[in-house]
Amino acid sequence: MAVTVADPEPGAPHQSARPRRFPRAWLLRTAGALVSGFAYYLSFAPRPLWWLAPLAFAGFALVLRGRRFRGGFGYGFAFGLAFFLPLLTWLLDFLGPDFGPWPWLGLSFALALYHGLAGGLITLVSRLPAAPLWSALVFIALETPRAWFPFGGFPWGRVAFSQPEGAFLPLASIGGAPLVGLAVVGTGFGLAALTARLWQTRKPTRPAVFAALGTLLPVAAGLALWPSIGTGAQDGERTVATVQGNAPDIGLALQGERTLLRRNTLAESERLLAAVQAGQVPKPDLLVWPESATTVTGPDPQVDRLVANFGVPALIGAIYALPDGHLQNSVLAWDPRTGPGPRYAKQQLVPFGEYVPARKVAELVTPFLDAETVDMVPGDGANQAMTAAGTKVGVFICYESAFDYPARDAVRDGAELLVVPTNNAWYGRSEMSYQQLAMSRLRAVEHGRAVVVSAVSGVSAIVAPDGTVTSSTGLFTADSLVGRVPLRTQTTLSDQLGAWTEYGLLALAIAGVAGGLVLRFRTRRGSAGTAGEAAD
């Protein structure tokens with residue numbers, strides 16, 4: 001039998017058509033992820049916008065709301081790319097035009113994949129009770145493997161490094177960088193959950209109240225801890241001088257200017273000595289030179305004479321030649337009477353700066369590699385806390401600021417003061433120096449120690465145990481700092497817990513993802529069973 005189907009009214013939708021969705025919703029979400037990622041970048045030094053980080057994560061959480069794994073991965077990748085591309089522009093200054101933008105783009109792409117994976121996994125825990133907390137755990141957990149891979153780890157841009165001041169910083173004394181990061185991300189995701197609840201109900205419900213409490217708790221905890229951050233001397237004080245000799249702004253080509261670095265550092269040291277002898281600045285108890293300020297291949301009468309004229313011990317940042325001809329990036333304790341003594345060698349070397357990973361592959365794209373280019377040798381952690389000026393001084397060098405273990409190991413070895421020699425001249429007038437200083441400020445609170453940052457070309461700084469910068473230098477200027485710092489012996493809870501905090505959060509995140517997968521499996525199974533019963 002024939003059936004006649006009447007034409008629909010003009011302009012009416014066809015009966016078989018699906019409900020229309022806004023066709024470019026994914027574009028809006030992508031834009032939201034990009035804006036949130038860039039806002040996250042803006043929360044980092046040199047801008048004092050620490051409060052922008054939780055707002056960025058709130059925006060990111062709203063973008064992920066209701067998404068599946070594939071969408072979460074894509075939006076997380078967009079968030080990460082918008083963050084890492086501007087954050088790591090200092091790589092362009094370091095490598096110079098011979099390399100082009102490819103290393104910068106490649107590293108940013110690789111690191112953004114971690115944020116993409118975080119976005120995907122967050123969609124798996126989004127239906128669990130206390131979803132903002134589980135989501136924050138997932139995001140922070142993926143910072144752990146980033147300290148392992150690629151190239152031996154690259155933890156630059158960890159959430160905690162956006163917090164060298166502000167409400168969340170005191171949490172570093174309890175759980176270090178992982179806990180600070182968890183608080184920031186958890187606050188952002190809690191704020192997003194609160195916003196969504198209020199948008200849906202238009203009134204404060206019990207879930208909205210819980211979301212509000214979850215949002216405020218990390219902020220309140222951080223503020224409540226501020227009075228407990230100790231800054232007073234527990235074993236006296238020391239006057240420390242750090243010398244910034246300056247260097248040309250030439251990036252990787254600085255490798256060939258070690259003689260100039262030495263000459264500049266010696267010249268600024270002589271100016272400081274003259275000021276001390278003239279009574280213009282206090283006589284220091286300890287002199288500090290920046291990273292790779294000289295090269296030590298044997299006896300050095302010039303440095304011997306300088307340190308003897310100061311009449312106080314010195315920590316000399318030097319490229320040290322081993323008996324077999326290999327080099328180590330080192331800090332030597334130099335006595336005014338007996339000369340060089342204990343030596344700490346950098347453990348966490350800079351990939352492509354101090355050693356070349358995947359050398360055979362790198363030779364295909366790198367114009368500077370040849371048979372004469374040799375890798376530096378990493379240290380074994382010996383002498384991380386050296387005695388100088390009657391003080392246990394903990395040393396970690398430049399790039400090691402981004403890793404948790406060097407400063408922690410030094411404090412556990414008895415360090416009462418932390419010193420960070422660095423050579424940021426490689427990275428030009430970029431934000432890199434300020435980003436690294438922010439890490440040292442976090443480490444000060446994390447370990448309850450004053451920190452002296454000694455840079456070749458800036459930023460050198462003296463940091464109080466509460467993260468406050470008491471004095472600092474500018475970029476690419478010859479200058480010196482002399483300041484009084486407290487010596488502290490008490491260890492923080494963060495030091496006592498050590499890596500257990502990080503691995504505990506990682507274990508919780510894995511448990512959350514597993515729980516999310518089980519919940520999703522049961523939901524699908526229940527939906528399939530209901531559909532089967534309806535069919536029967």
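Look up: the structure comes first, before these words.
Note that the structure is a prediction, hence the values are computed from the model and not measured.

**Things to note about the overall build of the protein**
The secondary structure content of the protein amounts to 16 helices and 13 strands. Residues counted as buried form 53% of the 536 residues belonging to the protein.

**So, the packing of aromatic side chains**
Inspection of the entire model under this criterion finds 24 aromatic pairs. Pairing F38 with Y41 gives two aromatic rings, centres 5.4 Å apart and planes at 45 degrees, and the pair type is tilted. Of this pair, F38 and Y41 are both found in helix α1 (residues 25–42), three residues apart, which corresponds to roughly one turn of the helix. The class of Y41 is buried, set by a relative accessible area of 9%. Taken together, the aromatic side chains of Y40, F44, F57, F60, F79, F83, F84, F139 and F189 make up a single cluster linked through ring pairs. Here the basic side chain of R47 rests over the ring of Y41, its NZ or CZ set 4.6 Å away from the ring centre. In this structure, R343 packs its charged tip against the face of Y320, placed 4.0 Å from the ring centre.

**Let's talk about the side chain of H447**
Along the chain, H447 turns up in helix α14 (residues 432–447). For H447, the contacting residues outside a window of four places in its chain are A407, R408, V411, L418, Q490, T492 and D495.

**Observations concerning the layout of surface pockets**
Considered as a void within the structure, the second largest pocket measures approximately 980 Å³ in volume. In terms of lining residues, the second largest pocket is bounded by 36 residues, among which A130, A131, P132, L133 and A193 are the most central. Residue assignment for the lining of the second largest pocket shows that the elements contributing at least two residues are α2 (52–64), α5 (102–125), α6 (131–141), α8 (172–201) and α9 (206–225). At ten residues, α8 tops the list of elements feeding residues into the lining of the second largest pocket.

**Thoughts on the pattern of salt bridges**
Overall, the coordinates contain twelve salt bridges when judged by the stated rule. Residue E431 pairs with R47 through a salt bridge whose shortest N-O separation is 2.8 Å. Of the two residues, E431 sits in the loop between β9 (417–422) and α14 while R47 sits in the loop between α1 and α2, which places them 384 residues apart along the sequence. Across the pair R271 and E268 runs a salt bridge whose closest N-O atoms are separated by 2.8 Å. Of this pair, R271 and E268 are both found in helix α10 (residues 258–277), three residues apart, which corresponds to roughly one turn of the helix. Salt bridges sharing partners connect three or more residues here, namely E143, R158, D404, R443 and E446.

**Looking at the pairing of strand β1 (residues 237–244)**
Among the eight residues that make up β1, six are buried, leaving the element largely enclosed by the rest of the structure. Sheet topology note: the β1/strand β13 (residues 479–486) ladder contains eight bridges and is antiparallel. Bridge pairing links V243 to S480 in β13. Pairing geometry for β1 and strand β2 (residues 286–288), over three bridges, is parallel. Note that in β2 the partner of A241 across the bridge is L287.

**Observations regarding the packing of α2 against helix α3 (residues 69–87)**
Between α2 and α3, the shortest axis-to-axis distance is 10 Å and the interhelical angle comes to 155 degrees. Here α2 lies roughly antiparallel to α3, going by the angle between them. Every pair of crossing elements has a handedness; the one defined by α2 and α3 is right-handed. Touching A56, F57, F60, V63 and L64 of α2 are G72, Y75, G76 and F79, all from α3. For the contact of α2 with α3, a count of residues per class yields seven nonpolar, two polar and no charged.

**What about α14?**
The α-helix winds at 3.6 residues per turn, so residues separated by three or four positions along the chain end up facing the same way. Taking 1.5 Å per residue, 16 residues should reach 22 Å; α14 reaches 23 Å between its end C-alpha atoms and fits that length. Within α14, 15 of the 16 residues are buried, which leaves it mostly tucked inside the rest of the structure. At the exit of α14 stands G448, carrying a positive phi of roughly 65 degrees.

The rules we used
Residues numbered from 1 in each chain as written. Predicted model: local features only at pLDDT ≥ 70, side-chain atom pairs only at ≥ 80, totals over all residues. Heavy atoms only, no water. Helix = DSSP H or I, 4+ residues; strand = E, 2+ residues; numbered from the N terminus. Buried < 20%, exposed > 50% of the residue type's maximum accessible area, 1.4 Å probe, protein only. Phe/Tyr/Trp six-rings, centres within 6.5 Å; stacked < 30°, edge-to-face > 60°. Lys NZ or Arg CZ within 6 Å of the ring centre and 35° of its normal. Contact = heavy atoms within 4.5 Å. 1 Å grid on protein atoms, 1.4 Å probe; cavity = no way out; pocket = protein on both sides within 12 Å on 5 of 7 lines; lining within 4 Å. Points joined across faces, edges and corners; volume = space filled by probe spheres on them. Salt bridge = Lys/Arg side-chain N within 4 Å of Asp/Glu carboxyl O. Pairing = 2+ DSSP bridges. Axes fitted to C-alpha atoms, helices over the stretch in contact; angles between N-to-C directions. Parallel < 35°, antiparallel > 145°, perpendicular 65-115°, else oblique. Left-handed = near helix turned anticlockwise from the far one by under 90°. Nonpolar A, V, L, I, M, F, W, Y, C, P; charged D, E, K, R; others polar. Expected span 1.5 Å × (residues − 1).

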